[in-house]
Amino acid sequence: MQSSLRTRQNPLIRQLANCIEEVWQTHLELSPYSVPEGLGYVEGALEGEKLVIENHCYQTPQFRKLHLELAQVGNGLDILHCVMFPKPDYALPIFGADLVGGRGGISAAIADLSPVNAERSLPTHYHQALTALPLLSFSQPRDLPAWADIFSEFCLFVRPVDAEEEAAFLQRIREFLTLHCQIASTTAPLTSDTDIAQMVAGQQYYCNKQQQNDKTRRVLEKSFGTEWTDRYMTTMLFDAVTG
């Protein structure tokens, strides 16, 4: 699962990519996922700098898509993006994480287990387990964007300012991921068409909101154009489940 790109990225991004794949391998039964043609590895240019994108995707009995994206613009911008999309017949939240940074450190670090049920609340066992985690304090918390009503009360969005805060963020993601994978592996699939339809609607809402991220769209459009960006955001980054 190792990639050549991550060896050239910010150390925290490299550590998080390795952490995510380690937890996946430990707790889930991974199998290959068919990436849309031409989107596994992409090269482009952004304002004279080389842009490289690597996508690593898998599936499991519980998850229709595990997506880890690594990207780099020149020598100054590194990105990690990860989303775990449950299959529609599993009543599971959506794990997501993003890191943005470069040689000067991480400017944005976010992680969450986002509810997708009709009540827009995490299942009770998730809520209890997350509430029991030790409280974390970061010196530079960040505000969520206006469109971000998809996130839970446990969403962590910060700018880690030193090695101690970076380690705390990495550990919290490991805890989120381990909890999520352990619960998913013991969860029975839904049998009610109504319940499944609610999960589908919740995932579609999540994807629609994420596609409103103007920062991501602007970067991709500058490099690849509007048509390619629309395809990438709707088939690779946030492909809404149809049932």
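Here the structure is shown first, and the text comes after it.
This one's a predicted model, so the numbers in the text were calculated from it and none came from an experiment.

Comments concerning the overall build of the chain
Alright, step 1. Secondary structure assignment for the chain yields six helices and eight strands.
Alright, step 2. The order of helices and strands in the chain, counted from the N terminus, is α-β-β-β-β-β-β-β-α-β-α-α-α-α.
Alright, step 3. Dimensions along the principal axes, computed over C-alpha positions, put the chain at roughly 50 × 40 × 35 Å.
Alright, step 4. Burial analysis of the chain (243 residues in total) assigns 51% to the buried set.
Alright, step 5. At a minimum sequence separation of 6, the contacts of the chain that also span at least 24 residues come to 64%.

As for the packing of helix 1 (residues 11-27) against helix 3 (residues 163-185)
Alright, step 1. Put simply, helix 1 and helix 3 touch, their axes get as near as 10 Å, and they point 20° apart. The angle between helix 1 and helix 3 falls in the class roughly parallel. The way helix 1 lies across helix 3 gives a crossing that is right-handed. Here helix 1 contributes Leu12, Gln15, Leu16, Cys19, Ile20, Glu22, Val23, Trp24 and His27 to the contact with helix 3, which in turn contributes Glu166, Leu170, Ile173, Arg174, Leu177, Thr178, Cys181, Gln182 and Ser185.
Alright, step 2. A class-by-class count of the residues in the contact of helix 1 with helix 3 yields ten nonpolar, five polar and three charged.

Concerning helix 5 (residues 214-224)
Alright, step 1. Restricting attention to buried positions, one finds in helix 5 the residues Arg217, Leu220 and Ser223. What you see down the axis of helix 5 is that its buried residues fit within an arc of 140°, all on one side. Those residues of helix 5 that are exposed and angled more than 90 degrees off the buried face are Lys215 and Lys222.
Alright, step 2. Against the buried residues of helix 5 lie strand 2 (41-46), strand 3 (49-59) and helix 6 (226-237).
Alright, step 3. Between a side-chain oxygen at the N-terminus of helix 5 and the backbone nitrogen of Lys215 the separation is 3.2 Å; the capping residue is Asn213.

Points about the state of the cysteines
Alright, step 1. Scanning all chains against the criterion turns up zero disulfides.
Alright, step 2. For the unlinked cysteine Cys207, the closest cysteine sulfur is that of Cys57, found at 13 Å.

With respect to the environment of Arg218
Alright, step 1. Here Arg218 lies in helix 5.
Alright, step 2. For Arg218, a relative accessible area of 47% gives the class partly exposed.
Alright, step 3. Linking Arg218 and Thr229, residues eleven residues apart in sequence, is a C-alpha distance of 8.9 Å.

Examining the side chain of His81
Alright, step 1. Tracing the backbone shows His81 in strand 5 (residues 77-86).
Alright, step 2. Classification of His81 as buried rests on a relative accessible area of 5%.
Alright, step 3. At 2.8 Å, the side chain of His81 forms a polar contact with the side chain of Asp98.

Cut-offs used in this document
- Residues numbered from 1 in each chain as written.
- Predicted model: local features only at pLDDT ≥ 70, side-chain atom pairs only at ≥ 80, totals over all residues.
- Heavy atoms only, no water.
- Helix = DSSP H or I, 4+ residues; strand = E, 2+ residues; numbered from the N terminus.
- Buried < 20%, exposed > 50% of the residue type's maximum accessible area, 1.4 Å probe, protein only.
- Contact = heavy atoms within 4.5 Å.
- Axes fitted to C-alpha atoms, helices over the stretch in contact; angles between N-to-C directions.
- Parallel < 35°, antiparallel > 145°, perpendicular 65-115°, else oblique.
- Left-handed = near helix turned anticlockwise from the far one by under 90°.
- Nonpolar A, V, L, I, M, F, W, Y, C, P; charged D, E, K, R; others polar.
- Arc of directions from axis to C-beta.
- Polar contact = N/O pair within 3.5 Å; in protein donor to acceptor, adjacent residues only side chain to side chain.
- Disulfide = S-S within 2.5 Å.

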